[in-house]
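What follows is each chain in one-letter form.
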Amino acid sequence: MEHYWQEIGALTMRWVKRLSREKFSMLFTLVQPMLFWLIFFGNLFQRAADTQVTQAPNYISFLAAGVVVMTVLNNGLAGGVDLLFDKENGFLERLMSTPIHRSSVILSRFLFVMTITSLQVLVILGVAFLFDVHPATGLLGVATILLIGMMFGVGLTAISMAMAFSVKSHGDFFSVLGFLSLPMIFLSSALVPLVAMPGWMSFLAKFNPMTWVIDAVRPLILSGWSEALPHVGMVVIVMLVFDALCLYGGAKAFRRAMG
Amino acid sequence: MDRAIAIDVKQLCKSYERHKAVDDISFQVYAGEIFGLLGPNGAGKSTTLRTLITLLHPTSGSAAVFGHDTVREADTVRMLIGYVPQERAIDRFLTGREHLELLGALYHLSKTEAAKRIDELLTLVELNAHADRPAKTYSGGMKRKLDIACGLLPNPKILFLDEPTLGLDVQSRLRIWEYVRMLKTRGLTVVMTTNYLDEADQLCDRLAIIDGGKIKTLGSPAELKIALGGDIVSLTLKETDRTAGLEAVLKDQPAITSVRTTDKGLDIRVESPEKALPAILDSANRLGCNIEFIQYNRPRLDDVFIAHTGRAITESVPETGST
Ligand SMILES: Nc1ncnc2c1ncn2[C@@H]1O[C@H](COP(=O)(O)OP(=O)(O)OP(=O)(O)O)[C@@H](O)[C@H]1O
Ligand SMILES: [Mg+2]
């Protein structure tokens, strides 16, 4: 057990070191979601968005939940990229030839992605706060948001890692990634509530796990516990199923690649 | 042979989809020797090596390292080996020292033990001065040295080197050969792959020539050359009319294995040049053959390779079916 922690600690620190040496990229990953989506998009659609439809005091406060979950989505889906590069340049092979527990590399990646994502979510909520978006459920609500975000993130990161282990080239990986992420956003309640969507889109959006996540995060920010709790309960169940499926698929892909 | 066996490979096969990358190979590596797998691109060298280091499961057959099965006792095997992959498996963002520290933790060394070994290794591969620079600033040779230091960090009993000098300049190659010989004197067993004939010839105690997933021949470089039938003495004669007569006389000499007529004279395979040369000159004198030129060749490993695979190592492998 002590060995296990030593391995995971060292591997996680490697991800942290890499990030800290890619200062430029770090700035972008941190700043991009809040800058582009929350500040630009939020203010841009301030007057175009109908508050009767969004059921929110202003568009930014409506969008905040969407941006939080979009960040979780993007970080999760990109979570396997570094493993992909490790696989391609042989570093993964070097790690796996050492007597580490087979799951250590993967766990370190989960740990890292979840930590970075949580920090980003906190920054986004902080920026939203500056635009007068005050989470209705307080600090406990923020903690709940983080928890839901992590549950969603675990599944997404598992998908991403499964892809990293299965694809033949990293070109394939990025094509699939690009193909997945935008429809996930547009076919969800991130930017527009389902009721305001064309029928076929809102129909598809109902099957998008991201919609469930946003529908739980949004009342935590906008309304309060009484409205949020049923959604939170629901999303926990949906996420347990989602994570189980993704982890199962991820484990299979990992065994195929490493067996 | 009563030498300790470090690696025992039995009827090992590894297939990808329907393509057999390694096709029923068996061999043993003795403790303390430098063993080479020599073969052209795609021969199955890396696949064999990856099986030995527990990264691949054999499709059939088995491999054991110091008696431990690479599948069932993978963790024990991993504790005994160091691995230097074919690709420069380097994280550009980490410094040389950080690479070694990471591995130290993965081999469960304590901080002090790791620090001690890291200092030793950095000195050994002469990377001390560059240890705290990110690896992306390293030259190809420096990256290779770091690779080797990483392979040695666990203080392994066996070091696996996959094409250790691929793409290096002559000086760096010689350096790495020196390291490998030095490791041998420290008691390490070294298993390496290469597709350089001179490397296999000069460095390996024994080698297996592998082609198309099969072992074509195995032995020490000297044995393999001798097995071809000894050294070759090539005679160029002034007049070719008495060639046949000379050939007939030489054929019966005890030190000579075979004689072949060429367009300029004769190619004579000899067991020991010390005995054969005087006999050849003597016979030529008696028959009154004037020798214009005499050349003496030891068979090179190239000849061994051609004899066993039917082509030179530089010629590309004929494509077989799937990719
Ligand atoms: N992961 C894989 N999937 C499918 N085929 C593979 C895979 N790895 C290797 N092969 C095939 O197995 C054969 C042997 O490959 P291997 O890497 O062992 O060759 P090698 O002798 O190391 O060659 P090189 O000198 O180029 O490194 C090749 O035909 C290769 O295409
Ligand atoms: Mg190879």
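Residues numbered from 1 in each chain as written. Chains lettered and ligands numbered in written order. Predicted model: local features only at pLDDT ≥ 70, side-chain atom pairs only at ≥ 80, totals over all residues. Heavy atoms only, no water.

Draft legend 1. Spatial organisation of empty space enclosed by the protein. One pass over the structure, following the stated rule, counts 2 cavities of 30 Å³ or more. Estimates place the volume of the largest cavity at around 50 Å³. In terms of lining, the largest cavity is formed by A:Val68, A:Val72, A:Thr117, A:Ser118, A:Val121, A:Ile145, A:Leu146, A:Gly149, A:Met150 and A:Val217. Elements with a minimum of two residues in the lining of the largest cavity: α4 (59–77), α7 (104–130) and α8 (138–166) of chain A. Per-element accounting of the lining of the largest cavity gives the leading share, 4 residues, to α8(A). By volume, the second largest cavity is sized at about 40 Å³. Surrounding the second largest cavity, A:Arg94, A:Ser97, A:Thr98, B:Tyr83, B:Leu103, B:Tyr107, B:Cys150 and B:Gly151 form its lining. Split by residue class, the lining of the second largest cavity holds 4 nonpolar, 3 polar and 1 charged. (1 Å grid on protein atoms, 1.4 Å probe; cavity = no way out; pocket = protein on both sides within 12 Å on 5 of 7 lines; lining within 4 Å. Points joined across faces, edges and corners; volume = space filled by probe spheres on them. Helix = DSSP H or I, 4+ residues; strand = E, 2+ residues; numbered from the N terminus. Nonpolar A, V, L, I, M, F, W, Y, C, P; charged D, E, K, R; others polar.)

Draft legend 2. Region of the structure containing unusual backbone geometry. Residue and element names in this part refer to chain B. Of note in this structure, Asp24 is not a glycine but carries a positive phi near 60°. Of note, Asp24 is situated in strand β2 (residues 19–30). Of note, His108 is a non-glycine position whose phi angle comes to about 65°, a positive value. Within the element layout of this structure, His108 appears in the loop between α3 (96–106) and α4 (111–124).

Draft legend 3. Expanded view of the interface of chain B and chain A. Across the contact, 30 residues belong to chain B and 24 residues belong to chain A. A combined buried area of about 2,600 Å² lies between chain B and chain A, and 58% of that area is made up of carbon and sulfur atoms. Considering only the surface of chain B that becomes buried against chain A, B:Phe93, B:Leu106 and B:His108 emerge as the three largest contributors, covering 27% of it. Between chain B and chain A we count 5 salt bridges in total. Our count for the chain B to chain A interface comes out at 10 residue pairs in polar contact (both at pLDDT 80 or more). Of all the secondary structure elements, the ones that give two or more residues to the side of chain B that touches chain A are α2 (74–80), β6 (81–84), α3 and α5 (140–152) of chain B. Looking at which element gives the most residues to the side of chain B that touches chain A, the answer is α3(B), with 6 residues. Tallied by class, the residues present in the side of chain B that touches chain A amount to 18 nonpolar, 4 polar and 8 charged. (Contact = heavy atoms within 4.5 Å. Buried area = accessible area lost by both parts, 1.4 Å probe. Salt bridge = Lys/Arg side-chain N within 4 Å of Asp/Glu carboxyl O. Polar contact = N/O pair within 3.5 Å; in protein donor to acceptor, adjacent residues only side chain to side chain.)

Draft legend 4. Highlighting the site of ligand 1. Residue and element names in this part refer to chain B. Every one of the 14 residues lining ligand 1 counts as a neighbour, but Gly42, Lys45, Ser46, Thr47 and Gln86 are closest to it. His19 has a polar side-chain atom sitting 3.1 Å from an oxygen atom of ligand 1. The separation between an oxygen atom of ligand 1 and a polar side-chain atom of Lys45 is 2.8 Å. For ligand 1, whose accessible area on its own is 640 Å², the fraction buried by protein is 69%. Elements represented by at least two residues in the shell around ligand 1 include exactly β2 and α1 (45–52). Class assignment for the residues of the shell around ligand 1 results in 4 nonpolar, 8 polar and 2 charged. (Near = heavy atom within 4 Å. Areas by Shrake-Rupley, 256 points an atom, 1.4 Å probe, with all protein chains shown as cover.)

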